[in-house]
Every structure is written in structure tokens, then in C-alpha cells.
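The lines below spell out each chain.
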Amino acid sequence: MQQYPPKAAGAGGVMPAYRAIRRDAAAFMRRSGELLSLFLLCVLFIAGAAAGTVLGASVPGGAEDVLSGGGAVYGTESFLGLLFSCAKYHLMVLLFSTSLFGLLLIPAAVAFRGFVLACTAACIASAYPDKGAVLTIVVLGLPSALTLPGLFILAFEGMGFSSRLTASYLRRPVPAGRSRGENRLAAVGLMLILAAAVERFLVPQLVRLLI
């Protein structure tokens, strides 16, 4: 019977172990990048909100652009109009995600959303000193509980798509994308429809009770 020389101890397991280490390191770097992107979006949103709070308190009559005498939000009772109002920043983020400059434009859009939201809240609070806080929660807080999570989901996914688009354009290794993005997009669409329904049917009724 033919005899074979014994293999060196551990020689067959070096390459698989090395590949596993590289795979784990790549996964760690990807998760770190995702957390950094999310942290950046949160910081810019808060910074925009802080600037909006300062400016909104000094703008006279700003609440009139949000609330009408009959309780209608943004001066319209059209469901489609309110749906567009809820979704306009989301559409902006989707548009920016198809750009090579999406990594810069998307965070700027999120910061601008924070600025506008806080500016509007400050205008309402200053226009109605007695019930401003409650009105702000009703008019802005209820819809924002649905629209803001969707905005951050789209911004996060959009930055990932824009980074892959930029890497492909520069002929660099394309970062791995996350799967089942259509499910998240459908969830965001549902949240926007619910937010528009809240602004159309619930918010006006509550506003009429308060003012």
C-alpha cells in the first residue's frame, strides 16, 4: 500500500481561517460605516432643528401659513395635497440618491427638514402662547411620528445607493448592498399615507377643539 507523507499540522486550516477573518473584518467595517452614516444624519437633523428653533421664534405670523381658521393644515383639505406635503422631503431624498453627490445632498436635505420642522414648531408656539405646546404636538408631532422614521430610512438607504453609484462610476469596489429594499420602500409609502390621513381627518378636529 502506497504511503503518503503526513501534512503539516494546521496547514489546511490557515487559508479558511484567513478568509473568515477578512470576511468578519469587512462586515465590521460595513456595520461601522452604516452606524456612522446614521449618526451623521441624526446630528445634522438636530443641528438644523436648533437653527430653526432660533429663527422661528423671531418670525411674526409664521403660524398662519400652517393653520387656517377652520383647522385645516397648510391651508388645504385635499388628501393628495397633504400627501405631497408629507412626502416632498422623501421624494427629494430619493432624487438625490440617484446622484453622484448624494452623500452630500441627502444629509443636507435631512438637516433642512429638521430646520423647517423646528422653525414651524417655534412659529406655532409663539403665535399661541397658552396652547402652543399642545398645538405643536397635534399639528406637527402626530404626522412627524410617521414621516420622520420614513425619512431616515430613505436617507440611510439613499446614501448607501449613492455610495455604490459613486464607487461604480470611479471604478472602485462597490460596497455590498442590503437586500429586500422594496419592503422598506413599501413601509415608508404606507407611513406617508397614514400621515396624510392623520393630517386630513384627525388634526383639524383636534385643532378646532383647541383654538
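All of these numbers come straight from a predicted model, not from anything done at the bench.

## Description of the packing of aromatic side chains
Part 1 of the argument: This structure, assessed with the given rule, holds 3 aromatic pairs.
Part 2 of the argument: With a centroid separation of 6.2 Å and 50 degrees between ring planes, the pair formed by Y89 and F112 is classed as tilted. Separated by 23 residues along the polypeptide, Y89 in helix α2 (residues 79–97) and F112 in helix α3 (residues 102–127) bring together distant segments of the chain.
Part 3 of the argument: The class of F112 is partly exposed, set by a relative accessible area of 42%.

## Brief notes about the pattern of salt bridges
Between side chains of opposite charge, a pair can form when the charged atoms approach closely.
Part 1 of the argument: According to the stated counting rule, one finds 1 salt bridge in the structure shown.
Part 2 of the argument: Between E157 and R184 there is a salt bridge, and its shortest N-O distance comes to 2.9 Å. Residue E157 is found in helix α4 (residues 132–169), and its partner R184 is found in helix α5 (residues 181–210); the two are separated by 27 residues along the sequence.

## Examining the nonpolar core
Part 1 of the argument: Grouped together as the largest cluster of nonpolar side chains are 31 residues, with contacts concentrated most on V93, V139 and V207.
Part 2 of the argument: Mapped by element, the contributors of at least two residues to this core are α1 (14–56), α2, α3, α4 and α5.
Part 3 of the argument: Here this core takes 10 residues from α4, the largest share from any one element.
Part 4 of the argument: Ignoring anything within four residues of it in the chain, the contact list for V93 reads I106, A109, L151, L154 and A155.

## Observations regarding a nonpolar patch on the surface
Part 1 of the argument: There is a patch of nonpolar side chains on the surface, built from L100, F101, L104, L105, F161, L165, Y169 and L170 and spanning about 800 Å² of accessible area.
Part 2 of the argument: Within the residue set of the nonpolar patch, elements represented by two or more residues are α3 and α4.
Part 3 of the argument: Of all the elements, α4 adds the most residues to the nonpolar patch, at 3 residues.
Part 4 of the argument: Here L105 is to be found in helix α3.
Part 5 of the argument: Given a relative accessible area of 31%, L105 falls into the partly exposed group.

## Re the environment of G48
Part 1 of the argument: Residue placement: G48 occurs in helix α1.
Part 2 of the argument: The spacing of G48 and V110 is 62 residues in sequence and 8.2 Å in space, taken between C-alpha atoms.

## Description of the confidence of the model for the protein chain
Part 1 of the argument: On average, residues of the protein chain carry a pLDDT of 82, and 73% of them reach 70 or more.
Part 2 of the argument: Within the protein chain, α2 carries the highest mean pLDDT (95), whereas α1 carries the lowest (75).

## Remarks on α4
Part 1 of the argument: For α4, the principal kink sits at S144 and spans about 45 degrees.
Part 2 of the argument: Just past α4, the residue R171 takes up positive phi, approximately 60 degrees.

## A short note on the state of the cysteines
Defined simply, a disulfide is a covalent bond joining two cysteines at their sulfur atoms.
Part 1 of the argument: In total, this model carries 0 disulfides according to the counting rule given.
Part 2 of the argument: Take C119: it sits in no disulfide, and the sulfur closest to it among the cysteines is that of C123, at 4.5 Å.
Part 3 of the argument: You can call C119 buried: its relative accessible area is 14%.

Reading the values: the criteria
- Residues numbered from 1 in each chain as written.
- Predicted model: local features only at pLDDT ≥ 70, side-chain atom pairs only at ≥ 80, totals over all residues.
- Heavy atoms only, no water.
- Phe/Tyr/Trp six-rings, centres within 6.5 Å; stacked < 30°, edge-to-face > 60°.
- Helix = DSSP H or I, 4+ residues; strand = E, 2+ residues; numbered from the N terminus.
- Buried < 20%, exposed > 50% of the residue type's maximum accessible area, 1.4 Å probe, protein only.
- Salt bridge = Lys/Arg side-chain N within 4 Å of Asp/Glu carboxyl O.
- Core = buried A, V, L, I, M, F, W, Y, C linked by side-chain atoms within 4.5 Å.
- Contact = heavy atoms within 4.5 Å.
- Patch = residues over 30% accessible without salt bridge, like charges linked within 9 Å, V, L, I, M, F, W, Y side chains within 5 Å.
- Areas by Shrake-Rupley, 256 points an atom, 1.4 Å probe, with all protein chains shown as cover.
- pLDDT = per-residue confidence, 0-100.
- Bend = angle between axes of the 7 residues up to and from the residue.
- Disulfide = S-S within 2.5 Å.

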